[in-house]
Amino acid sequence: RIVRLCGDGRESQHYLLGTSKTLTALCSALREELAEYYRLIAILESQAALGTSSIQDVDDTEIEEQRLSLRRLAVWTMEPKERLKCMAAVCDAVRPNHVRGGALLSVLDARTKHGDPATRSLLVSLTTRAAQPMFIALKNWILAGELGKRDEDFFIFSTTNTEKVDSSY
């Protein structure tokens, strides 16, 4: 689900994301989290390979300390599994509804009210990284008066429609 939402960085990503900078930022944050997971898998695979290789020079107790057991595997993967579940839940909430911009940030913010500190920390991190494009657009609008080009994220945009405005306003 996470990879389906984020794409693999090719041209299909533009089709999935459209022009939503907020969703692109969220996908980038999810990809970074997945990269950490893949690093853990590589470490665990190397430890599993260490345990299966035959080393004559090393004492059996040293091999046993380095060997990856099922218990160690369960302990090492407990937290990453919860993080993956949380990221999958975010993807499930975002993808079917095609939420973007402020709506996406509202979905993420609603999920940050979680009792588990590790899950809350992950969600706050994802929300912070996803909100960066919105903060930049707000900063440019408030401080410089620039709206930039129209996109799906920012709720205010310029128009070339110059109808006569009632002067009583």
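If you're wondering where the values come from, they're calculated on a predicted model, not measured in any experiment.

> Describe the pattern of salt bridges, with residues and values.
Per the stated rule, a full pass over the model turns up 6 salt bridges. We note a salt bridge from Glu33 to Arg83, for which the minimum N-O separation is 2.6 Å. Here Glu33 is found in helix H3 (residues 21-52), whereas its partner Arg83 is found in helix H5 (residues 70-94), with 50 residues between them in sequence. One salt bridge connects Glu33 with Arg129, and the closest N-O pair in it is separated by 3.1 Å. Of this pair, Glu33 sits in helix H3 while Arg129 sits in helix H7 (residues 117-144), and the two are 96 residues apart along the sequence.

> Could you give an account of the packing of aromatic side chains, with specific residues and numbers?
In the structure shown here, the tally under the stated rule is 1 aromatic pair. For the pair Tyr37 and Tyr38, a centre-to-centre distance of 6.1 Å together with 55° between the ring planes defines the contact as tilted. A relative accessible area of 28% places Tyr37 in the partly exposed class. What makes Tyr38 partly exposed here is its relative accessible area of 48%.

> Which residues make up the nonpolar core, and what are the values?
Core analysis: the biggest nonpolar cluster contains 21 residues, and Leu26, Val94, Leu104 and Leu126 have the highest contact counts within it. Counting only elements with at least two residues in this core, the list comes to H3, H5, helix H6 (101-111) and H7. Contact partners of Leu126, with chain neighbours within four places excluded, come to Leu26, Ala29, Leu30, Glu33, Met87 and Leu108.

Quick notes on the rules
Residues numbered from 1 in each chain as written. Predicted model: local features only at pLDDT ≥ 70, side-chain atom pairs only at ≥ 80, totals over all residues. Heavy atoms only, no water. Salt bridge = Lys/Arg side-chain N within 4 Å of Asp/Glu carboxyl O. Helix = DSSP H or I, 4+ residues; strand = E, 2+ residues; numbered from the N terminus. Phe/Tyr/Trp six-rings, centres within 6.5 Å; stacked < 30°, edge-to-face > 60°. Buried < 20%, exposed > 50% of the residue type's maximum accessible area, 1.4 Å probe, protein only. Core = buried A, V, L, I, M, F, W, Y, C linked by side-chain atoms within 4.5 Å. Contact = heavy atoms within 4.5 Å.

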